[in-house]
There are 2 protein chains.
Amino acid sequence: MPDHRRVITGFSNPTVKALRALREKKHRKAAGKFLAEGLRLLTDARECGHVPETLVLASARDPHPLLAELEAAVEAAGGEVIETSPDILSKITGKDNPQAVAGVFAEFDTSLASLDRGGADIWLVAQALRDPGNLGTMLRTGDAIGAGGLILIDDCADPFSVEAVRASMGAVFTQKIARAEWPGFEAWLRTGPGQLVAASLRDAQPYRGAPYAAPCFVMVGNESRGLPEEYEMACDLRVTMPMKGRADSLNAAVAAAVLGYEVLAALDTASA
Amino acid sequence: MPDHRRVITGFSNPTVKALRALREKKHRKAAGKFLAEGLRLLTDARECGHVPETLVLASARDPHPLLAELEAAVEAAGGEVIETSPDILSKITGKDNPQAVAGVFAEFDTSLASLDRGGADIWLVAQALRDPGNLGTMLRTGDAIGAGGLILIDDCADPFSVEAVRASMGAVFTQKIARAEWPGFEAWLRTGPGQLVAASLRDAQPYRGAPYAAPCFVMVGNESRGLPEEYEMACDLRVTMPMKGRADSLNAAVAAAVLGYEVLAALDTASA
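Conventions adopted
Residues numbered from 1 in each chain as written. Chains lettered and ligands numbered in written order. Predicted model: local features only at pLDDT ≥ 70, side-chain atom pairs only at ≥ 80, totals over all residues. Heavy atoms only, no water. Contact = heavy atoms within 4.5 Å. Buried area = accessible area lost by both parts, 1.4 Å probe. Salt bridge = Lys/Arg side-chain N within 4 Å of Asp/Glu carboxyl O. Axes fitted to C-alpha atoms, helices over the stretch in contact; angles between N-to-C directions. Helix = DSSP H or I, 4+ residues; strand = E, 2+ residues; numbered from the N terminus. Nonpolar A, V, L, I, M, F, W, Y, C, P; charged D, E, K, R; others polar. Domains from an automatic or database assignment. Pairing = 2+ DSSP bridges. Buried < 20%, exposed > 50% of the residue type's maximum accessible area, 1.4 Å probe, protein only. Least-squares fit on C-alpha atoms with pLDDT ≥ 70 in both.

(A) Layout of the interface of chain A and chain B. If you look at the interface, chain A gives 34 residues, while chain B gives 34 residues. Overall, the association of chain A and chain B removes approximately 2900 Å² of surface from exposure, summing both partners, and the carbon and sulfur fraction of that is 52%. Per-residue buried area on chain A facing chain B is highest for A:Arg140, A:Arg246 and A:Tyr261; these three make up 25% of the total on that side. The interface formed by chain A and chain B includes 10 salt bridges. A salt bridge links A:Glu47 to B:Arg246, with the shortest nitrogen-to-oxygen separation between them at 2.6 Å.

Structure (structure tokens):
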């Protein structure tokens, strides 16, 4: 262990408290930082150019070449590597069996202006989604379908929460994330090419065979209320998935995925 | 209020303790009962022929015709209706803002023998899924695609947990549920018609255009480890979804949905 490395052994240490506080949204917002955990996820982050400002390691851990690379990257970037006990790491991440490493990252620019809409054929859009797990799952699906990123409209859960980051399986580092209110999003969307598509029951056509066009913005609404009618009516295309049973809707992240894969297949066929 | 109705005001009441215990798997198993909450969900259950043995109402509630029907159905079936405070209801369901009604149901027969495989073209199969939310979401998706039910292989989370029931949005009452170990499932499957399909990376063909056939059993594996190779190799068909990004897998419930909708479309086209 390099002798300049900080070792923390006390639960009441101010750094532990500050790290633990990042599990709460108000503290993340105040600090402009968020937590991610696990060697695989942090390695994904590093390979995408995101090196944590602070790396926290369990003092009892197996050596691993990827962990050594991660430590070297953090130190090369001027960040800090801290060693602590598994119990304290568990307190920081809020998990009973924490992974042996966690990192603190600066939050990214989440303005619409930071998006390059021509950089991808598909973008996912979530309106007022309240479940961080659903946001994380949408990020993961976005990565899989080659989406450019996830745009959060109105009052969504925090994509930088521990739950969302965990559910994203690293896609929080590969997908762009933007946040906006509806009027700002609609105005931005109409400044350039872009087809806004919603899963909807209003005046909708079957989702298979619908005329999708890139860049295609696939929007799903709140878990309980769905999309406001005004938003659906502002879409270029409303599509509906078969609902053969009693339910009239799908889980939001599932709807985004079924529709997202359909758009991917349609655009691939069109360009083939 | 009928004067025979029981009113519970104490947190330490034995009935409250027994109901609250149903949030834990071992107590559900011992009692052979589970909890579901919310007027809409309980109404779905009633309309599918599932009337709770015990109905628990918040004493302060708005009158609702569906609630009156539910109360009548429980009493007609010889069940008990209990009134209690919102605080106690919250303690029972473990939710800060509980819905105004919860019900206790007898667990269903979950043997493979209880399934009528010819009764549906699609069945979902989950192997060692650990997240009750994923199981609930699969049930919800199964309802939407007209699946017959969900078969749980090996050590899965409990589909009758409060989280799974909640995520199923009522589909726990419309979908059949069966539990089995792999050898028992494989033996049962091969006693009749049935195509076993897995989302896989091993020796797989593209999921679009694959030769799906009814009754089609769509299987997904554990959230971390995926399916054991032996199980994949026992499948009649292995298919793969495009993975355009860094990740090599989808969320399990998402994979089941994308594949399930593809199978539905393929079988609909074949029968058209």
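There's more to say after this.
(B) Fine view of the packing of helix H1 (residues 14-21) of chain B against helix H5 (residues 86-93) of chain B. Residue and element names in this part refer to chain B. As a packed pair, H1 and H5 sit with axes 7 Å apart at the nearest point and diverge in direction by 35 degrees. On H5, the residues touching Val-16, Leu-19 and Arg-20 of H1 are Ile-88, Lys-91 and Ile-92. In terms of residue class, the contact of H1 with H5 is made up of 4 nonpolar, no polar and 2 charged.

(C) Representation of the domain arrangement of chain A. Residues and elements named next belong to chain A. What the domain assignment reports for chain A is domain 1 (6-106) and domain 2 (112-271). Between domain 1 and domain 2, the C-alpha centre-to-centre distance is 31 Å. Note on domain 1 versus domain 2: buried area summed over both sides is about 1200 Å², and carbon and sulfur give 65% of it. When the area that domain 1 buries against domain 2 is broken down by residue, the three leading residues are Arg-28, Phe-34 and Leu-41, summing to 39%.

(D) Local environment of the sheet that holds strand E1 (residues 6-8) of chain B. Residue and element names in this part refer to chain B. Taken in spatial order, the 5 strands make up an open sheet running E1-E4-E3-E5-E2, and their pairing is mixed. Every interior strand has two partners, whereas the edge strands, E1 and strand E2 (33-37), have only one. Between one strand axis and the next, the sheet turns by 25 degrees as a mean value, whatever way the strands run. With 5 bridges joining them, E2 and strand E5 (residues 101-106) adopt antiparallel strand pairing. Bridge assignment links Phe-34 to a residue of E5, and that residue is Phe-105. Sheet strands in contact with helix H3 (residues 39-47) are E2, strand E3 (54-58) and E5, and its direction is about 35 degrees off that of E5.

(E) View of the environment of A:Val172. All names here are of chain A. Note that Val-172 resides in the loop between helix H7 (162-168) and strand E8 (176-180). On the accessibility criterion, Val-172 (0% relative accessible area) is buried. Those residues in contact with Val-172 that lie beyond four places of it in its chain are Phe-108, Leu-139, Pro-159, Phe-160, Val-165 and Ile-177.

(F) Structural detail: the relation of the copies chain A and chain B. In the superposition of chain A on chain B (RMSD 0.0 Å, axial shift 0.0 Å), the rotation amounts to 180 degrees. Those values place the two copies in the arrangement expected of a two-fold rotation axis.

(G) Molecular detail of the pairing of strand E9 (residues 195-199) of chain B. Residues and elements named next belong to chain B. For E9, the buried fraction is high: 4 of the 5 residues fall into the buried class. As judged from the 4 bridges shared by E9 and strand E11 (residues 216-220), these two strands associate in the parallel manner. Across the sheet, residue Val-197 finds its bridge partner in E11, namely Val-218. Sheet topology note: the E9/strand E12 (residues 237-240) ladder contains 3 bridges and is parallel. Bridge pairing links Val-197 to Leu-237 in E12.

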